[in-house]
Amino acid sequence: MFYTETKGELARTMPESKCCKLSEFSAIARSLGRLEMPVFEIRTENAASARKIMSFVNVIFGFKPRMRLIHGKGGRSRNQHIIQLLLGKKTLETLKGLGVMSESGSGISMENGIPWHLLSRQCCRRAYLRGVFLGRGYVQNPEKEYHMEFMTDSSEHAKGIVQLAESFNVTPKVAPRKKGYMVYVKGGDDVAQLLRVMGAHSAVLTLESVRVLRGVRGDVNRVVNCETANVTKAVNAGLSQIDAIQRIERIIGLKSLAPGLQEIAELRLANPEMTLRELGQLLSPPISKSAVNHRMRRLIHIANSLNGKMG
Ligand SMILES: [Zn+2]
């Protein structure tokens with residue numbers, strides 16, 4: 001599945017620089033984290049994502065977090081990996097510094113906007129988008145539709161994601177959803193560009209090859225459908241003409257026809273596959289397609305009038 005493969009590829013892509021690790025962790029924690037005082041919890045169904053988060057925590061906070069695994073009870077429910085950080089003073093300060101949480105008079109809450117102070121470098125903006133995608137992103141199978149989305153619970157965060165994408169020449173749209181906002185792009189170019197930005201290089205290759213196939217298939221289908229329709233029409237018309245001419249021949253003989261009609265009837269029997277235009281060209285002097293058509297209609301009329309006579 002394209003989505004699962006893309007997510008797996010991005011989860012296994014480990015940024016080298018510390019700056020990017022901070023940015024990507026910030027995005028993941030902002031997207032998936034929640035406060036269960038006195039614990040900050042990050043939940044993900046994806047095992048590779050869970051390993052990545054564990055590694056980020058280790059680098060950034062300097063300790064190994066607790067991870068719990070809740071097994072899905074079959075059917076559609078999947079395993080949940082729950083990574084828990086006890087909100088000590090130091091941990092809270094770090095999370096605030098990373099733009100994941102904020103503290104005000106009313107207490108601690110999730111941050112609304114984007115931590116621009118972390119994102120002055122391009123490498124970090126890429127990492128942040130990757131984090132948002134790993135957190136709550138989705139990409140449709142390109143064989144069905146070109147569609148990529150990032151979900152977020154705040155309109156300010158949604159606007160920030162748009163701005164980030166714009167710094168890579170993609171302008172997503174935002175649509176309100178039941179729970180939050182969907183930042184999305186449609187179109188092969190935009191989806192490919194965002195995959196490239198996030199570092200999903202195999203996914204880009206898959207998408208590009210699907211695009212080529214889709215393009216070729218589309219062209220071939222258009223040509224084949226068009227030609228098939230025309231050929232079928234011509235063949236059906238030709239068959240009913242031949243049918244009529246053969247009946248005339250059987251009942252009264254082609255020689256009883258007017259010379260112009262006899263000529264075209266004989267030509268049609270000799271060249272069943274030809275178009276009316278081509279038949280017209282065989283006469284001397286040549287006659288137009290519509291003139292041939294006129295004679296064919298007269299032949300069919302004559303044949304129909306013979307219906308009662310020994311059909
Ligand atoms: Zn960076």
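All of these numbers come straight from a predicted model, not from anything done at the bench.

Asks: Break down the pattern of salt bridges for me, citing the residues and quoting the values.
Replies: A complete count under the given rule lists 12 salt bridges for this structure. Here Lys96 and Glu93 are joined by a salt bridge, their closest N and O atoms 3.3 Å apart. Linking Lys96 with Glu93, this pair stays in helix α4 (residues 89-97), spanning 3 residues, or about one helical turn. Judged by its relative accessible area of 41%, Glu93 is partly exposed. Glu103 is the partner of Lys96 in a salt bridge, and the nearest nitrogen-oxygen pair spans 2.8 Å.

Asks: Give a description of the sheet that holds strand β4 (residues 80-86) that names residues and reports values.
Replies: Hydrogen bonds between backbone groups are what pair the strands of a sheet, and the pairing can be parallel or antiparallel. Strands sit in the order β1-β2-β4-β3 across an open sheet of 4 strands; the sheet is antiparallel. One side of each edge strand has no neighbouring strand; the edge strands of this open sheet are β1 (33-36) and β3 (66-70). Here the strands of the sheet are splayed against their neighbours by 30° on average, with no regard to which way each runs. Sheet topology note: the β1/strand β2 (residues 39-44) ladder contains 4 bridges and is antiparallel. When the sheet's bridge partners are listed, Arg34 is paired in β2 with Glu41. On the sheet, helix α3 (residues 47-61) packs against β2, β3 and β4 and is oriented at approximately 15° with respect to β4.

Asks: Pulling in residues and values, what's your account of the side chain of Gln140?
Replies: Mapped onto the fold, Gln140 is located in the loop between β7 (137-139) and β8 (147-152). Apart from residues lying up to four places away in sequence, Gln140 is in contact with Phe2, Glu145 and His147.

Asks: Which residues make up the packing of helix α2 (residues 18-32) against helix α5 (residues 122-136), and what values go with them?
Replies: Where α2 contacts α5, the axes come no closer than 7 Å and their chain directions differ by 30°. One way to sum up the angle between α2 and α5 is to call them roughly parallel. For the pair α2 and α5, the sense of crossing is right-handed. Listed contacts from α5 to Cys19, Cys20, Ser23, Glu24, Ser26, Ala27, Ile28, Arg30, Ser31 and Leu32 of α2 are Cys123, Cys124, Ala127, Tyr128, Arg130, Gly131, Val132, Leu134, Gly135 and Arg136.

Asks: Requested: an account of the pairing of β2, with residues and values cited.
Replies: Of all 6 residues in β2, 5 are buried, a share of seventy percent or more. Between β1 and β2, which pair antiparallel and follow one another directly, the connecting turn spans 2 residues. When β2 meets β4, the two strands line up antiparallel, connected through 6 bridges. Note that in β4 the partner of Thr44 across the bridge is His81.

Asks: I'd love a proper account of the coordination of the zinc ion, names of residues and values included.
Replies: Reference values for coordination geometry: four tetrahedral donors around a metal ideally subtend 109.5 degrees, six octahedral donors ideally subtend 90 or 180 degrees. Taken together, Cys19 (SG), Cys20 (SG), Cys123 (SG) and Cys124 (SG) make up the protein donors of the zinc ion, found 2.3 to 2.4 Å from the metal. Coordination geometry of the zinc ion: the 4 donor atoms subtend angles of 96 to 129° at the metal centre, consistent with an arrangement described as tetrahedral. All donor residues of the zinc ion come from one chain, and their arrangement in sequence is C-C-x102-C-C.

Asks: Which residues make up helix α1 (residues 2-12), and what values do they have?
Replies: Counting buried residues in α1 gives 8 out of 11 residues, a clear majority hidden from the surface. Listing the buried residues of α1 in full gives Phe2, Tyr3, Thr6, Lys7, Gly8, Glu9, Leu10 and Ala11.

Asks: So, the pairing of β8: which residues are in play, and what are the values?
Replies: Counted residue by residue, β8 has 6 buried out of 6 residues, so it is predominantly covered. Both faces of β8 are covered, namely the face carrying His147, Glu149 and Met151 and the face carrying Met148, Phe150 and Thr152. Relative to strand β10 (residues 180-186), β8 runs antiparallel, the two sharing 6 bridges. If you follow Thr152 over to β10, its bridge partner there is Tyr181.

Asks: Explain α4 to me, and be specific about the residues and the numbers.
Replies: Of the positions making up α4, those classed as buried are Thr91, Leu92 and Leu95. The buried residues of α4 occupy an angular sector of 100° when the element is viewed end-on, so they sit on one face. Exposed residues on α4 whose side chains face more than 90 degrees from its buried face are Lys89 and Lys90. The inward-facing, buried residues of α4 contact α2, β2, α3, β4, β5 (101-104) and β6 (107-110). Phi for Gly99, located one or two positions after α4, is positive at around 70°.

Reading the values: the criteria
- Residues numbered from 1 in each chain as written.
- Predicted model: local features only at pLDDT ≥ 70, side-chain atom pairs only at ≥ 80, totals over all residues.
- Heavy atoms only, no water.
- Salt bridge = Lys/Arg side-chain N within 4 Å of Asp/Glu carboxyl O.
- Helix = DSSP H or I, 4+ residues; strand = E, 2+ residues; numbered from the N terminus.
- Buried < 20%, exposed > 50% of the residue type's maximum accessible area, 1.4 Å probe, protein only.
- Pairing = 2+ DSSP bridges.
- Axes fitted to C-alpha atoms, helices over the stretch in contact; angles between N-to-C directions.
- Contact = heavy atoms within 4.5 Å.
- Parallel < 35°, antiparallel > 145°, perpendicular 65-115°, else oblique.
- Left-handed = near helix turned anticlockwise from the far one by under 90°.
- Donors = N, O, S within 2.8 Å, 3.2 Å for Na, K, Ca; no water.
- Tetrahedral: all angles 85-135°; square planar, octahedral: opposite > 155°, others 65-115°.
- Arc of directions from axis to C-beta.

Function cannot be inferred from these measures alone, as they are strictly geometric.
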